[in-house]
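Spelled out from the first residue to the last, the chains are:
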Amino acid sequence: MLISSAYAQAAGGGGGFDLIQLTPLVLIFVVFYFLIIRPQQKKVKEHKTMVDALRRGDRIVTSGGIIGTVTKVNPGEADVTLEISEGVRVRARRAMVAEVMARTEPAEAREKSERAKPSVERGDGSEDFYKRLGVARTASAEEIAAAYSSKSGDAKSDEAYDTLKDPVRRKLYDSLGHDEYLAHLKG
């Protein structure tokens, strides 16, 4: 015959499994897992945690762009009731919640923070800045200035006025409370 022995050896049917041929497929799967699958799983888990933590009073945005306040959450159901305007309530699927804009404190945490914020004078001589100036917490900047002008010259009134006249410092004072605000200034 005319077939050479070299040709016969090269065309031999070595039907064994070659791991080198499978390596590109494994690498492609690894890249897909770390760049696509894993981040998606993480995002789904975060969304589920956010939706499960919804409670009445939370301000949310749906995936359709509707902004509303949660008025009713039924633990076993897949929907929540939103108030999107005064007197206008709609039901939305929990899965459609895209973002929580503002969270409300749980009732027990709110009660603890109210008990922790002293509003009366204590034995150490420090008292609430609003009481020092004799104004309500809802007082306007003009009312605070008028109250201060009648009590100026007193170091305690000066400190109270300096805090309450600045909207940023006043907001911080209101959110932290008297003692924590003073500790924040020192630290």
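Numbering of residues begins from 1 in every chain and follows the order in which that chain's sequence is written. Confidence filtering applies because this is a predicted model: local features only for residues at pLDDT of at least 70, side-chain atom pairs given and counted only at 80 or more, and all residues used for totals across whole chains, interfaces and linings. Side-chain figures throughout are based on the complete set of non-hydrogen atoms in the structure, without hydrogens or water.

### Looking at the overall build of the chain
Strands here are runs of E lasting at least two residues and helices are runs of H or I lasting at least four, both read from the DSSP assignment and numbered beginning at the N terminus. Along the backbone of the chain there are eight helices and five strands. Evaluated residue by residue, the chain yields a buried proportion of 22% over its 187 residues. We call two residues in contact whenever any of their non-hydrogen atoms come within 4.5 Å of each other. The contacts in the chain between residues at least 6 apart in sequence include a share of 45% that link residues at least 24 apart. To measure how exposed things are, a 1.4 Å probe is used in the Shrake-Rupley method; for residues, cover is taken only from the protein chains shown. When the accessible surface of the chain is totalled, it reaches about 13500 Å², and 58% of it is carbon and sulfur. The buried label goes to any residue with under 20% of its type's maximum accessible area, the exposed label to any with over 50%, and the partly exposed label to all in between, with areas taken from a 1.4 Å probe on protein chains only.

### Brief notes about the sheet that holds strand β2 (residues 67-73)
If you walk across this open sheet you meet the five strands as β4-β3-β2-β1-β5, and the pairing is antiparallel. One side of each edge strand has no neighbouring strand; the edge strands of this open sheet are β4 (88-93) and β5 (97-102). Neighbour to neighbour, the strand axes of the sheet diverge by 45 degrees on average, direction disregarded. Two strands qualify as a pair provided that DSSP identifies no fewer than 2 bridges between them. Pairing between strand β3 (residues 79-85) and β4: six bridges, direction antiparallel. Across the sheet, the residue bridging to Thr81 is Arg91, located in β4. Axis definition: a line fitted to C-alpha atoms, limited for helices to the stretch in contact. Angles are taken between N-to-C directions and run from 0 to 180 degrees.

### Thoughts on the side chain of Thr71
Within the secondary structure layout, Thr71 lies in strand β2. The buried category is assigned to Thr71, whose relative accessible area is 18%. For Thr71, the residues in contact, after removing those within four places along its chain, are Arg56, Thr81, Leu82, Glu83 and Arg89.

### Brief notes about the packing of helix α7 (residues 167-176) against helix α8 (residues 178-186)
One way to put it is that α7 packs onto α8 with a least axis distance of 6 Å and a crossing angle of 125 degrees. As judged from the angle between their axes, α7 and α8 are oblique. Every pair of crossing elements has a handedness; the one defined by α7 and α8 is right-handed. Here α7 contributes Arg169, Leu172, Tyr173 and Leu176 to the contact with α8, which in turn contributes His178, Glu180, Tyr181 and His184. Polar here means any residue outside two lists: the nonpolar Ala, Val, Leu, Ile, Met, Phe, Trp, Tyr, Cys and Pro, and the charged Asp, Glu, Lys and Arg; Gly therefore counts as polar. Along the lines of polarity and charge, the residues of the contact of α7 with α8 split into four nonpolar, two polar and two charged. Put simply, angles under 35 degrees are roughly parallel, angles over 145 are roughly antiparallel, angles from 65 to 115 are roughly perpendicular, and the rest are oblique. We call a crossing left-handed when the near helix sits turned anticlockwise from the far one by less than a right angle, and right-handed when that turn is clockwise.

### Observations regarding the packing of helix α6 (residues 155-165) against α7
Packing of α6 against α7 leaves a shortest axis separation of 5 Å and a crossing angle of 105 degrees. In terms of axis orientation, α6 runs roughly perpendicular to α7. Where α6 abuts α7, its residues Asp162, Thr163, Leu164 and Lys165 lie against Pro167, Arg169, Arg170 and Tyr173. Considered class by class, the residues forming the contact of α6 with α7 number three nonpolar, one polar and four charged.

### Comments concerning helix α2 (residues 19-52)
Expected helix span is taken as 1.5 Å per residue step, with the number of steps being one fewer than the number of residues. A rise of 1.5 Å per residue sets the reference length of α2, with its 34 residues, at 50 Å; its end C-alpha atoms lie 46 Å apart and thus fit the reference within 8%. At Tyr33, α2 shows its largest kink, close to 45 degrees. Note that bend, as reported per residue, equals the angle between axes fitted to the 7 residues terminating at that residue and the 7 residues originating from it.

### Side note on the pattern of salt bridges
What makes a salt bridge here is a side-chain nitrogen of Lys or Arg within 4 Å of a carboxyl oxygen of Asp or Glu, nothing more. Enumeration over the complete set of coordinates arrives at eight salt bridges. As a salt-bridge pair, Arg91 and Asp79 come within 2.5 Å of each other at their nearest N and O atoms. One end of the pair, Arg91, is in strand β4; the other, Asp79, is in strand β3, and 12 residues separate them in sequence. Judged by its relative accessible area of 7%, Asp79 falls in the buried class.

### A few points about the nonpolar core
Ranked by internal contacts, the top residues of the largest apolar core, which has 14 residues, are Phe129, Leu133, Val135, Ile144, Leu164 and Tyr173. At the level of elements, α4 (129-133), α5 (141-151), α6 and α8 are the ones that each hand at least two residues to this core. Those residues in contact with Leu133 that sit more than four places away from it in its chain are Ile144, Ala147, Tyr148, Lys151, Ser157, Ala160, Tyr161 and Leu164. In these notes, a set of buried Ala, Val, Leu, Ile, Met, Phe, Trp, Tyr and Cys residues joined through side-chain atoms within 4.5 Å is what counts as a nonpolar core. Counting 10 residues, the second largest nonpolar core, distinct from the first, contains Met50, Val80, Leu82 and Val100.

Nothing here speaks to function; it is geometry throughout.
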